[in-house]
Amino acid sequence: MGWASFAAAFAAFFLSHSIPLRPPVKARLVSAMGRGGFTLAYSALSLAVLTWLIVAAANAPYVGLWPRAPWQSWVPLVAMGVACALLCLAVGRPNPLSFGGAHNDRFNPDRPGILRWTRHPLLVAAALWAGAHLVPNGDLAHVILFGVFAFFALAGMRIVDRRKRREMGRAQWQALCQRIADTSLLPRPVSWAGTAMRLGIAFTLYVALLGLHPVVLGVSPLP
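Quick summary incoming for the structure in this document.

Details of a nonpolar patch on the surface
Judged by side-chain polarity, Trp 3, Val 63, Leu 65, Trp 66 and Ile 144 come together as a nonpolar surface patch covering roughly 400 Å² of accessible area. Here Trp 66 is to be found in the loop between helix H2 (23-59) and helix H3 (74-90). For Trp 66, a relative accessible area of 34% corresponds to the partly exposed category.

Structure follows, in structure tokens:
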């Protein structure tokens, strides 16, 4: 039953992330609930299914693939700090080159912010989360769980690039990418105060995740 529940949770995860986002289905749902209602409902559904999947992985039969070593705990501890920073610096910001952008009409390619380093900061954060958690979780169920997430986060970058290139036109997409790449390696933020606030939120999120990890998952992330 452990593997059956794990498989069912994975199936529910993929279905919940594909069917509601199909253009005809999404259009009907947005029409019925409004864009804000759809976003709230979809976020709640995604969180619920992800929680089910994580719990199912923890309850699956243990099949060890590599031994646990004390140093492995430091990999997600370090990577999650970077992932939290990426998430908080990117969410709600204009980003016409990836998903999750807000107010994309206000995007200034001469001041791209975090996009100077990656067009897909949210997907990079997801890949860091999944890849880093692979290291200390050397059992089959968690390798499948985090391996699949890491793969789709990395593959998603190419998928989004193709979609945006098709929507914007190859020439415009390439010109925008090149213009962003030509900015300073350490671009000056639009607002130092805003950046500091977002980094403060990232630190708070990181501490909260450390505190909630043993409460929600029953395992301390500390070495």
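From this point on, the discussion continues.
Let's talk about the layout of surface pockets
Computed from the structure, the second largest pocket encloses a volume of approximately 680 Å³. Along the wall of the second largest pocket there are 31 residues; nearest its centre are Arg 93, Pro 112, Gly 113, Ile 114 and Val 190. For the lining of the second largest pocket, the secondary-structure elements that each account for two or more residues are H3, helix H4 (121-134) and helix H7 (192-217). For the lining of the second largest pocket, the residue count by class is 17 nonpolar, 10 polar and four charged.

Quick notes on the nonpolar core
If you look at the biggest cluster of nonpolar residues, it comprises 20 residues, and the most contacted ones within it are Leu 97, Ile 114 and Leu 176. Secondary-structure elements contributing two or more residues to this core are H3, helix H6 (170-181) and H7. By residue number, the principal contributor to this core is H3, which donates eight residues. Leaving out residues up to four positions away in the same chain, Leu 97 has contacts with Arg 119, His 120, Val 160, Asp 161, Lys 164, Met 168, Trp 173, Leu 176, Cys 177 and Ile 180. Val 49, Leu 53, Ala 57 and Leu 145 belong to the second-largest nonpolar core, a separate cluster that totals 16 residues.

A look at the environment of Arg 93
Locating Arg 93 in the fold gives a position in the loop between H3 and H4. Residue classification places Arg 93 among the partly exposed positions, given a relative accessible area of 29%. Between the C-alpha atoms of Arg 93 and Pro 76, which are 17 residues apart in sequence, the distance is 26 Å. Leaving out residues up to four positions away in the same chain, Arg 93 has contacts with Gly 101, Ala 102, Thr 195 and Arg 198.

A word on the packing of H3 against H7
Look at H3 against H7: their axes get within 8 Å of each other, and the N-to-C directions meet at 140°. If you check the angle between H3 and H7, you find them oblique. The way H3 lies across H7 gives a crossing that is right-handed. Residues Leu 77, Met 80, Gly 81, Cys 84, Ala 85, Leu 87, Cys 88, Leu 89 and Ala 90 of H3 form the contact with H7, whose participating residues are Thr 195, Arg 198, Leu 199, Ile 201, Ala 202, Leu 205, Tyr 206, Leu 209 and Leu 210.

A few points about the packing of aromatic side chains
Overall, the coordinates contain 11 aromatic pairs when judged by the stated rule. Judged by centre distance (5.3 Å) and plane angle (80°), the ring pair of Phe 151 and Phe 152 falls under edge-to-face. Cluster of aromatic residues (ring-pair linked, three or more members): Trp 3, Phe 6, Phe 10, Phe 13, Phe 14, Trp 129, Phe 146, Phe 149, Phe 151 and Phe 152.

Comments concerning the pattern of salt bridges
Close approach of charged atoms allows side chains of opposite charge to pair. Summed over all chains, the structure comprises three salt bridges. When the shortest N-O distance is used, the salt bridge between Asp 161 and Arg 119 registers 2.8 Å. With Asp 161 in helix H5 (residues 140-168) and Arg 119 in the loop between H3 and H4, this residue pair connects regions lying 42 residues apart in the sequence. A salt bridge links Glu 167 to Lys 164; its shortest N-O distance comes to 4.0 Å. Of the two residues, Glu 167 and Lys 164 both sit in helix H5, three residues apart, roughly one turn of that helix. According to the relative accessible area criterion, Glu 167 is exposed, its value standing at 54%. On the basis of relative accessibility, which here comes to 15%, the residue Lys 164 falls in the buried class.

What counts and how
Residues numbered from 1 in each chain as written. Predicted model: local features only at pLDDT ≥ 70, side-chain atom pairs only at ≥ 80, totals over all residues. Heavy atoms only, no water. Patch = residues over 30% accessible without salt bridge, like charges linked within 9 Å, V, L, I, M, F, W, Y side chains within 5 Å. Areas by Shrake-Rupley, 256 points an atom, 1.4 Å probe, with all protein chains shown as cover. Salt bridge = Lys/Arg side-chain N within 4 Å of Asp/Glu carboxyl O. Helix = DSSP H or I, 4+ residues; strand = E, 2+ residues; numbered from the N terminus. Buried < 20%, exposed > 50% of the residue type's maximum accessible area, 1.4 Å probe, protein only. 1 Å grid on protein atoms, 1.4 Å probe; cavity = no way out; pocket = protein on both sides within 12 Å on 5 of 7 lines; lining within 4 Å. Points joined across faces, edges and corners; volume = space filled by probe spheres on them. Nonpolar A, V, L, I, M, F, W, Y, C, P; charged D, E, K, R; others polar. Core = buried A, V, L, I, M, F, W, Y, C linked by side-chain atoms within 4.5 Å. Contact = heavy atoms within 4.5 Å. Axes fitted to C-alpha atoms, helices over the stretch in contact; angles between N-to-C directions. Parallel < 35°, antiparallel > 145°, perpendicular 65-115°, else oblique. Left-handed = near helix turned anticlockwise from the far one by under 90°. Phe/Tyr/Trp six-rings, centres within 6.5 Å; stacked < 30°, edge-to-face > 60°.

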